[in-house]
Amino acid sequence: MEKEGVIKFNLRFTAGPPVAMDTLTELNTWRQILREHALIGQDPARYEGYGFGNISQRTGDPDQPHGKRKFVISGTQTGHLEILDNRHYACVIAYNAEANQVVAEGPVKPSSESMTHGVIYDIDNALRAVLHVHSPDIWNSATSQGIPVTSAAVEYGTPEMSREVEHLFSHTNVRRKGIFSMGGHADGIVAFGETVEEAGNTLLTALAGKQQR
Ligand SMILES: [Zn+2]
């Protein structure tokens with residue numbers, strides 16, 4: 001199985017100060033909830049012990065141009081940490097799926113799944129939050145819950161995944177569902193929404209197996 005958490009894009013990273021803690025209040029609160037449900041975390045029995053799950057939230061104006069929709073995202077390999085603070089979040093300031101490049105700054109390097117987050121923000125500027133979690137329960141029940149699934153041939157963090165996500169948005173009801181499963185990334189689930197709360201609630205509903213939207 002592919003390793004979790006390996007950065008596959010070309011990263012231009014500049015070390016810098018953290019964002020203000022109050023920027024992260026909603027995102028970090030939801031991280032705690034997701035962690036308590038084992039949707040984010042680290043388990044010696046899962047993924048060779050690699051930490052899993054990453055979350056982001058847009059911070060700039062809605063109408064920033066494609067490829068420059070700034071967002072804060074949890075740092076690479078932070079899944080194992082019980083509680084995060086602003087030292088564990090990076091700011092992604094630009095991304096280009098075609099060139100497979102991400103530009104980021106902050107006290108930590110951004111999640112290896114930053115590109116997928118950026119692609120979702122580019123598709124619809126009303127979307128302000130993306131949560132990537134790992135859940136065998138949702139992953140295995142995706143089809144029966146009517147959750148769109150990306151091709152099993154496509155790995156996380158690749159330009160192919162970016163195109164696959166765009167394909168889902170143009171060919172399925174994923175925008176309305178607010179969630180998709182990553183067919184080629186074991187247990188990988190992505191939820192998104194106009195707020196972190198909306199995306200978080202979508203995940204918890206899917207986890208309960210009662211998704212009806
Ligand atoms: Zn993952």
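This one's a predicted model, so the numbers in the text were calculated from it and none came from an experiment.

Before going further, it helps to examine the overall build of the protein chain. On a plain count of helices and strands, the protein chain comes out with six helices and nine strands. In terms of overall dimensions, the protein chain has a C-alpha envelope of 45 × 35 × 30 Å along the principal axes. Sorting the 213 residues of the protein chain into buried and exposed places 45% on the buried side. Summarising the internal contacts of the protein chain: among those between residues at least 6 apart in sequence, 65% fall at separations of at least 24.

This part takes up unusual backbone geometry. If you check the backbone angles, Tyr-47 has positive phi at about 55° while not being a glycine. Its place among the elements puts Tyr-47 in the loop between helix H1 (25-36) and strand S2 (54-58). The partly exposed category is assigned to Tyr-47, around which 19 C-beta atoms lie within 10 Å.

Attention now moves to the nonpolar core. Generally speaking, soluble globular proteins have nonpolar side chains that are buried together. Ranked by size, the top nonpolar core spans 51 residues in total, and within it Val-92, Leu-131, Val-190, Ala-191, Phe-192, Ala-199 and Leu-203 carry the most contacts. Considering every element that reaches this core, the biggest residue donor is strand S4 (residues 89-96), with five residues. Non-local contacts of Val-92, meaning those with residues more than four positions away in its chain, are made with Lys-70, Phe-71, Ile-73, Val-102, Ala-104, Pro-110, Ser-114 and Gly-118.

Right, let's get into the packing of H1 against helix H6 (residues 196-207). With their axes 10 Å apart at the nearest point, H1 and H6 run at an angle of 10° to one another. Comparing their axes, H6 and H1 come out roughly parallel. Contact with H1, carried on its side by Glu-26, Leu-27, Trp-30, Ile-33 and Leu-34, involves Val-196, Glu-197, Gly-200 and Leu-203 of H6 and no other residues of that element. Split into classes, the residues belonging to the contact of H1 with H6 amount to six nonpolar, one polar and two charged.

The element strand S1 (residues 10-15) is barely covered by neighbouring structure, given that only zero of its six residues are classed as buried. As defined by bridge partners, S1 adjoins strand S5 (residues 101-106) across six bridges and the pair is classed as parallel. Bridge pairing in S5 places Ala-15 opposite Gly-106.

This paragraph deals with the sheet that holds strand S7 (residues 149-150). With mixed pairing, nine strands are arranged side by side in an open sheet as S1-S5-S4-S3-S2-S6-S9-S8-S7. The open sheet has two edge strands, S1 and S7, and neither has a second partner. Sheet topology places S2 next to strand S6 (residues 129-134); four bridges connect them, and they run antiparallel. What sits directly across from Asn-54, in S6, is His-132.

Glancing now at the environment of Ser-162. Summarising the element assignment, Ser-162 is placed in helix H4 (residues 159-171). Assessed through the 23 C-beta atoms surrounding it within 10 Å, Ser-162 is described here as buried. In this structure, the C-alpha to C-alpha distance between Ser-162 and Met-115, residues 47 residues apart in sequence, is 7.3 Å. Filtering out sequence-adjacent residues up to four positions away, Ser-162 remains in contact with Ala-97, Met-115, Thr-116 and Val-119.

Criteria and cut-off values
Residues numbered from 1 in each chain as written. Predicted model: local features only at pLDDT ≥ 70, side-chain atom pairs only at ≥ 80, totals over all residues. Helix = DSSP H or I, 4+ residues; strand = E, 2+ residues; numbered from the N terminus. Buried ≥ 20, exposed ≤ 12 C-beta atoms within 10 Å, placed from the backbone. Contact = placed C-beta atoms within 7 Å. Core = buried A, V, L, I, M, F, W, Y, C linked by C-beta atoms within 7 Å. Axes fitted to C-alpha atoms, helices over the stretch in contact; angles between N-to-C directions. Parallel < 35°, antiparallel > 145°, perpendicular 65-115°, else oblique. Nonpolar A, V, L, I, M, F, W, Y, C, P; charged D, E, K, R; others polar. Pairing = 2+ DSSP bridges.

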